[in-house]
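Residue-level listing of the chains:
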Amino acid sequence: MSGTEKTKATAEQAKGKTKEALGRMTGNERMTAEGHADQAKGDARQAKEKTKDAFRH
């Protein structure tokens, strides 16, 4: 997995977790949903990079 893509995936996942937690604390359902979506984007990016790595070897 390329270093920058791995970092982006991790950052998106962390941002999503933070957003989701903040949304739950404040009762903001929209922010909670956005956080969950950001986590999913990070997960998808990470899965894509792992797939690319699998085909390189």
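Up top is the structure.
These figures come from a predicted structure and were not determined experimentally.

A.B. asks: Talk me through the overall build of the chain; I want residue IDs and the actual numbers.
C.D. replies: Helix and strand counts for the chain come out as two helices and zero strands. Relative to a compact globule of 57 residues, whose C-alpha radius of gyration would be 10 Å, the chain shows 13 Å and is clearly more extended. Across its three principal directions, the C-alpha atoms of the chain cover 45 × 15 × 10 Å. For the chain, the computed accessible surface area is about 4100 Å², with 57% contributed by carbon and sulfur atoms. Once the 13 positive and 9 negative side-chain charges of the chain are each reduced to a mean point, those two points are 4 Å apart.

A.B. asks: Talk me through the side chain of Thr32; I want residue IDs and the actual numbers.
C.D. replies: Along the polypeptide, Thr32 turns up in helix α2 (residues 29-56). Residue Thr32 is classed as buried on the basis of its relative accessible area, which comes to 17%. Here the side chain of Thr32 touches Asn28 through a polar contact of 3.0 Å, landing on its backbone oxygen. Setting aside its immediate chain neighbours within four residues, Thr32 contacts Lys19, Glu20, Gly23 and Arg24.

A.B. asks: Go over helix α1 (residues 3-26) with me, naming the residues and quoting the values.
C.D. replies: Owing to its 3.6 residues per turn, the α-helix brings residues three or four apart onto one side. Counted at 1.5 Å a residue, the expected span for α1 with its 24 residues is 34 Å, and the 35 Å between its end C-alpha atoms agrees. Among all positions in α1, only Glu5, Ala9, Glu12, Gln13, Gly16, Glu20 and Gly23 are buried. Elements that come into contact with the buried residues of α1 comprise α2. Directly after α1, the chain includes Gly27, whose backbone phi takes a positive value near 80°.

A.B. asks: Break down the environment of Met31 for me, with residues and values.
C.D. replies: Along the chain, Met31 turns up in helix α2. Of the residues examined, Met31 reaches a relative accessible area of 24% and is grouped as partly exposed. The contacts of Met31, once residues within four sequence positions are left out, are Lys19, Glu20, Leu22 and Gly23.

Scoring rules and cut-offs
Residues numbered from 1 in each chain as written. Predicted model: local features only at pLDDT ≥ 70, side-chain atom pairs only at ≥ 80, totals over all residues. Heavy atoms only, no water. Helix = DSSP H or I, 4+ residues; strand = E, 2+ residues; numbered from the N terminus. Rg over C-alpha atoms; globule rule 2.2 N^0.38 Å. Areas by Shrake-Rupley, 256 points an atom, 1.4 Å probe, with all protein chains shown as cover. Lys, Arg positive; Asp, Glu negative; His and termini not counted. Charge placed at Lys NZ, Arg CZ, Asp CG, Glu CD. Buried < 20%, exposed > 50% of the residue type's maximum accessible area, 1.4 Å probe, protein only. Polar contact = N/O pair within 3.5 Å; in protein donor to acceptor, adjacent residues only side chain to side chain. Contact = heavy atoms within 4.5 Å. Expected span 1.5 Å × (residues − 1).

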